[in-house]
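Topology and contacts: notes
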Amino acid sequence: MLQKNGFEIERKFLIQYPDTAVLSKMDNCTVMEIEQSYISGGGRIRKIVSQGKTCYIKTVKKHISDIKREEKEWEISEAEYIAELEEKAENTNTIKKTRYAIEKNGFVYEIDVFDFWDDKAFMEVELESETDSFPIPDFVTVIKEVTEDKRYRNSSLAVNHEII
C-alpha cells in the first residue's frame, strides 16, 4: 500500500500542447488517466488508471514556499474515495487529465494535458532541492514558468480553468 510522507519540491511550466502520440510511444513514458477532486476539509483525492490498474490516493499538502510543500499521501479504497467525493469542496469541479511521466536526464518530467485546453498543458519536474538545475527536455516548448503563480495550481483550475 502506498504511503508517502515528506517534502515535495517541484517547478511547474506552462507549455505548448505537446504531441501526445510521440510522448506515449517513448520507451520511458508511463501514461496515467487521473481524476482529481478537492475536499472541503482540505486535501485532494485522485483516481488513477494506468496500465489497466486503478488506484485511489488521498493527498494533504502544507505550503512551505512556492516551490516546496510538506506532503502526506496514502492509498485509500474505492469505497473511501466515493465517500470522500461526497465531501468535495463547494464550487469546484473534478479535474480530468492525462499525465505522461517521462524519465529523462535523471529526472521525471510530468506532462499533464487537460480536455478543456487544446493549445497548452503543464510540465512539472520534481527536484531533490530548491536549488537543483535541470535541462528542459527537447520534447516540450515552454511558454513560461508558473511555479509561483497561484492561478496555475490545479486547485485553481478546479474552480475556473478559463482564467488562464
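Residues numbered from 1 in each chain as written. Predicted model: local features only at pLDDT ≥ 70, side-chain atom pairs only at ≥ 80, totals over all residues. Heavy atoms only, no water.

A few points about the packing of aromatic side chains
Applying the stated criterion across every chain, the model contains eleven aromatic pairs. Judged by centre distance (5.1 Å) and plane angle (25 degrees), the rings of F114 and F116 are stacked. Among the residues examined, F114 registers a relative accessible area of 2% and is labelled buried. A relative accessible area of 24% places F116 in the partly exposed class. Taken together through their ring pairs, the aromatic side chains of F13, F107, Y109, F134 and F139 make up a single cluster. Between K12 and the ring centre of F122, over which it is positioned, the NZ or CZ distance is 4.2 Å. (Phe/Tyr/Trp six-rings, centres within 6.5 Å; stacked < 30°, edge-to-face > 60°. Buried < 20%, exposed > 50% of the residue type's maximum accessible area, 1.4 Å probe, protein only. Lys NZ or Arg CZ within 6 Å of the ring centre and 35° of its normal.)

Structural notes on the environment of E80
Following the sequence through the fold, E80 ends up in helix α2 (residues 78–85). Using a relative accessible area of 43% as the deciding quantity, one classes E80 as partly exposed. Considered as a pair, E80 and I45 are 35 residues apart in the sequence and their alpha carbons are 9.8 Å apart. A polar atom in the side chain of E80 sits 2.7 Å from the backbone nitrogen of S77. (Helix = DSSP H or I, 4+ residues; strand = E, 2+ residues; numbered from the N terminus. Polar contact = N/O pair within 3.5 Å; in protein donor to acceptor, adjacent residues only side chain to side chain.)

As for the layout of surface pockets
A probe as big as a water molecule, rolled over the atoms, marks out the empty space that is left. Volume-wise, the largest pocket comes out at about 950 Å³. Around the largest pocket, the lining comprises 35 residues; the ones closest to its centre are E8, E10, R44, K61 and R69. With five residues, strand β4 (residues 53–63) is the largest single contributor of residues to the lining of the largest pocket. Classifying every residue of the lining of the largest pocket by side-chain character gives nine nonpolar, seven polar and 19 charged. (1 Å grid on protein atoms, 1.4 Å probe; cavity = no way out; pocket = protein on both sides within 12 Å on 5 of 7 lines; lining within 4 Å. Points joined across faces, edges and corners; volume = space filled by probe spheres on them. Nonpolar A, V, L, I, M, F, W, Y, C, P; charged D, E, K, R; others polar.)

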